[in-house]
Amino acid sequence: MLTRLVWQRRPTADRPIPSPNIWNWPDVYERENQAQDADGVLWAALREAVPWDGLDVVDVGCGDGFHLPRFAEHARSVLGIEPHPPLVERARRRITGLPHVTVIESGAAALPLPDASVDVVHARTAYFFGPGCEPGLVEAERVLRPGGAIAIVDLDATVGPYGEWMRADLPHYNPQVIERFFAEQGFELRRVTSQWRFPDRATLEAVLSIEFSRRVAQRAIAATPGLTLSVGYRLHVRRKPRTPIISRG
């Protein structure tokens, strides 16, 4: 299960954090991506916070590249960063025919980019899960141009029912600690509640089964009688100053 593994392990520069859902079940995860944000409210919040029209975008932990074509509709260039080779290959197949989109095998803590070379660093439920992700934040700041922004999208465990299932599988996970961490790192927080809409029960049950332990997945399936699920997200945004901050100390 992704959430349980991710929040118990800390990222390192030379070892990617396993993502059991997409690593082990990429086809199910594809259907999950298709179901997420059915009404587009998360994308709308992201575009309002960090518009990327005509800009250079990096998607850190891009997985098999599901979000890359969406960024490519308006960006000048898009670079997907993904440490897991099978997902890199899937992402490269997805972007065939998009000459301004590239996918590179790499991790968040050592981005293969020059200083001040991009305008937006985006990560969605990847790598940036709170304390321990400082190396990636340093890298994001390094590659951003002045005025650029890092936008981190993660799941909001304070919002039910999805957040309640997360906390049931992660008894030591404290959402307030994560929010305090990002606030101390200079991020602004915006909460977004989005709808996941599935085409059928089989897809809903398959998705919940790769996101949670068997016990919690069974509970989640039983508590979701229809095909729609409300899920809370947090959007953390921090901009790089346009001019250097001069210390007066």
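Residues numbered from 1 in each chain as written. Predicted model: local features only at pLDDT ≥ 70, side-chain atom pairs only at ≥ 80, totals over all residues. Heavy atoms only, no water.

Right, let's talk about the packing of aromatic side chains for a bit. Following the criterion strictly, the structure yields 11 aromatic pairs and no others. For the ring pair Phe182 and Phe187, a centre distance of 5.4 Å and an interplane angle of 85° mean the geometry is edge-to-face. This pair shows no difference in class: Phe182 is buried, exactly as Phe187 is. In textbook terms, an aromatic cluster arises when at least three aromatic residues are bridged by ring pairs, as seen for Tyr162, Trp165, Trp196, Phe198 and Phe212. Taking NZ or CZ as reference, Arg47 lies 4.8 Å from the ring centre of Trp52, over its face. Lying across the ring of Trp43, Arg124 places its NZ or CZ 4.5 Å from the centre. (Phe/Tyr/Trp six-rings, centres within 6.5 Å; stacked < 30°, edge-to-face > 60°. Buried < 20%, exposed > 50% of the residue type's maximum accessible area, 1.4 Å probe, protein only. Lys NZ or Arg CZ within 6 Å of the ring centre and 35° of its normal.)

So, on to the side chain of Asn33. With respect to the helices and strands, Asn33 occurs in helix 3 (residues 26-35). Not counting residues within four places of it along the chain, the set of residues in contact with Asn33 comprises Phe66 and His67. (Helix = DSSP H or I, 4+ residues; strand = E, 2+ residues; numbered from the N terminus. Contact = heavy atoms within 4.5 Å.)

When we look at burial in helix 10 (residues 201-211), the residues that qualify are Thr203, Leu204, Val207, Leu208, Ile210 and Glu211. What you see down the axis of helix 10 is that its buried residues fit within an arc of 165°, all on one side. Its side-chain oxygen at 3.4 Å from the backbone nitrogen of Ala202, Asp200 defines the N-terminal cap of helix 10. (Arc of directions from axis to C-beta. Polar contact = N/O pair within 3.5 Å; in protein donor to acceptor, adjacent residues only side chain to side chain.)

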